[in-house]
Amino acid sequence: GIQVEQSPPDLILQEGANSTLRCNFSDSVNNLQWFHQNPWGQLINLFYIPSGTKQNGRLSATTVATERYSLLYISSSQTTDSGVYFCAVDYSGGYQKVTFGIGTKLQVIP
Amino acid sequence: DAGVTQSPTHLIKTRGQHVTLRCSPISGHKSVSWYQQVLGQGPQFIFQYYEKEERGRGNFPDRFSARQFPNYSSELNVNALLLGDSALYLCASSLADSPQETQYFGPGTRLLVL
């Protein structure tokens, strides 16, 4: 099956700092999503981004499908950004079968 | 509109027992998927159902089964529970059965097997 690698595994930021999270995947994908999982376990969609660049407030994401990677940028980080960020890809031919990376655990300290 | 809902929120079972977890998708969504998330790992795909039919299955033993009802809600059943089945079980729904559809996740059911 497809391999999804995320880096770094852990990240500690001072409030206000910027960061870049990376997701590498081993095969062509139909879909790529970034999720934020809060400390209570809720997974929140951040971006659906199989290719190109999107921005939503302080967050933006870029996927370069031909080179099989995606980047999530967090600017001016806030304590509420803490949690685990997952990259998830769907590579199946006929149905949804999403493969998640292991995640990047982000802690933003005041 | 309500998001994806799951019940119960927490559950404690003992080894060998059976458990049923329930999921109600977002109104209008016809596809439901189930994931298992063990502590410290990313969610792992278990099943996908669309229009009451199983469309995909992950690498899980036959002790795991699921079904989807005419109202598109779904149940995940796990028989002969093992300690290793302790996890957060997540349900996700989407409008259609396409890899291009965004999946929306419920809050999960935390299962502890003693």
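One structure accompanies this document, and this report is about it. Worth saying up front: this structure is predicted, and the values here are computed from it rather than measured. In this numbering scheme, every chain counts its residues from 1 along its sequence in written order. As they are written, the chains are lettered A onward and the ligands numbered 1 onward, keeping that order. Local features in a predicted model are, by the rule used here, given only for residues with pLDDT of at least 70; side-chain atom pairs are given and counted only at 80 or more, and totals for whole chains, interfaces and linings are based on all residues. Think of the side-chain values as coming from all heavy atoms in the structure, minus any hydrogens and water.

## Looking at the pattern of salt bridges
Residue and element names in this part refer to chain B.
Reasoning step 1: Salt-bridge detection follows one rule: a side-chain nitrogen of Lys or Arg within 4 Å of a carboxyl oxygen of Asp or Glu. In the structure shown here, the tally under the stated rule is seven salt bridges over all chains.
Reasoning step 2: Between Asp-85 and Arg-63 there is a salt bridge, with its nearest N and O atoms 2.8 Å apart. Placement of Asp-85 in the loop between β8 (74–78) and β9 (87–94) and of Arg-63 in the loop between β6 (53–57) and β7 (64–68) is noted, with a sequence separation of 22 residues between them.
Reasoning step 3: A relative accessible area of 4% means that Asp-85 is categorised as buried.
Reasoning step 4: Across the salt bridge formed by Arg-67 and Glu-75, the nearest N and O atoms sit 3.3 Å from each other.
Reasoning step 5: We call a residue buried when its accessible area falls under 20% of the maximum for its residue type, exposed when it is over 50%, and partly exposed in between, using a 1.4 Å probe and counting protein chains only. A residue is classified by how much of its surface remains accessible, and Glu-75, at 10% relative accessible area, is buried. Going along the chain from the N terminus, every DSSP run of H or I of four or more residues is numbered as a helix, and every run of E of two or more is numbered as a strand.

## Quick word on the nonpolar core
Residues and elements named next belong to chain B.
Reasoning step 1: Membership of the largest hydrophobic core comes to 22 residues, with the highest contact counts inside it found for Trp-34, Ile-46, Leu-76 and Tyr-89.
Reasoning step 2: Of all the secondary-structure elements, those providing two or more residues to this core are β3 (19–24), β4 (31–37), β5 (44–50), β7, β8, β9 and β11 (109–113).
Reasoning step 3: Any pair of residues with heavy atoms lying within 4.5 Å of one another is described as a contacting pair. In contact with Tyr-89, other than residues within four places in its own chain, are Gln-6, Leu-21, Tyr-35, Gln-36, Ile-46, Phe-64, Leu-76, Gly-108, Thr-109 and Leu-111. To qualify as a nonpolar core, a set must consist of buried Ala, Val, Leu, Ile, Met, Phe, Trp, Tyr and Cys residues joined through side-chain atoms within 4.5 Å.

## Details of the sheet that holds β7 of chain B
All names here are of chain B.
Reasoning step 1: If you walk across this open sheet you meet the four strands as β1-β3-β8-β7, and the pairing is antiparallel. The two strands at the open ends of the sheet, each matched to only one other strand, are β1 (5–7) and β7. Averaged over all pairs of adjacent strands, the angle between their axes in this sheet comes to 15 degrees, without regard to strand direction.
Reasoning step 2: For two strands to count as paired, DSSP must find a minimum of two bridges between them. Pairing geometry for β7 and β8, over five bridges, is antiparallel. The residue bridging Ala-66 from the neighbouring strand is Leu-76, located in β8. What counts as an axis is a line fitted to C-alpha atoms, over the stretch in contact for a helix, and the angles between N-to-C directions run from 0 to 180 degrees.

## With respect to the pairing of β4 of chain B
Residues and elements named next belong to chain B.
Reasoning step 1: Within β4, seven of the seven residues are buried, leaving the element largely enclosed by the surrounding structure.
Reasoning step 2: Burial along β4 is two-sided: Ser-31, Ser-33, Tyr-35 and Gln-37 facing one way and Val-32, Trp-34 and Gln-36 facing the other are all buried.
Reasoning step 3: In terms of strand pairing, β4 meets β5 through six bridges, oriented antiparallel. Bridged to Gln-36 within β5 is Gln-44.
Reasoning step 4: Connecting the antiparallel pair β4 and β5 is a turn made up of six residues, with Gly-40 showing a positive phi of about 85 degrees.
Reasoning step 5: In the sheet, β4 pairs with β9 via seven bridges, with the strands oriented antiparallel. For Ser-33, the partnering residue across the bridge sits in β9 and is Ala-92.

## Remarks on the side chain of Gln-42 of chain A
Reasoning step 1: Looking at the element boundaries, Gln-42 of chain A is found in the loop between β4 (31–37) and β5 (43–48).
Reasoning step 2: Sequence-distant contacts of Gln-42 of chain A, defined by excluding residues within four places in its chain, comprise His-36 and Gln-37 of chain A together with Phe-105, Gly-106 and Pro-107 of chain B.

## What about the sheet that holds strand β3 (residues 19–25) of chain A?
All names here are of chain A.
Reasoning step 1: With antiparallel pairing, five strands are arranged side by side in an open sheet as β1-β3-β8-β7-β6. Here the strands that pair on one side only, and so sit at the sheet edges, are β1 (4–7) and β6 (52–56). Neighbour-to-neighbour, the strand axes of the sheet open up by a mean angle of 15 degrees, direction not taken into account.

## So, the state of the cysteines
Reasoning step 1: Cysteine sulfur atoms are paired as a disulfide whenever they fall within 2.5 Å. Scanning the entire structure with this criterion turns up two disulfides over all chains.
Reasoning step 2: A sulfur-sulfur distance of 2.0 Å marks the disulfide that ties Cys-23 of chain A to Cys-87 of chain A. Between Cys-23 of chain A and Cys-87 of chain A the disulfide shows an S-S torsion of about -55 degrees. By sign, it is left-handed. Taken together, the residues span a long stretch of sequence, with Cys-23 of chain A in strand β3 and Cys-87 of chain A in strand β9 (residues 83–90) at a distance of 64 residues.
Reasoning step 3: Each disulfide pairs two cysteine sulfurs, and for Cys-23 of chain B the partner residue is Cys-91 of chain B, the sulfurs being separated by 1.8 Å. On the sign convention where negative means left-handed, the S-S torsion of about -60 degrees between Cys-23 of chain B and Cys-91 of chain B marks this disulfide as left-handed. With Cys-23 of chain B in strand β3 and Cys-91 of chain B in strand β9, the pair connects residues that are 68 residues apart, well separated along the chain.
Reasoning step 4: On the basis of relative accessible area, Cys-23 of chain B is assigned to the buried category, the value being 2%.

That's the geometry; what it means functionally is another story.
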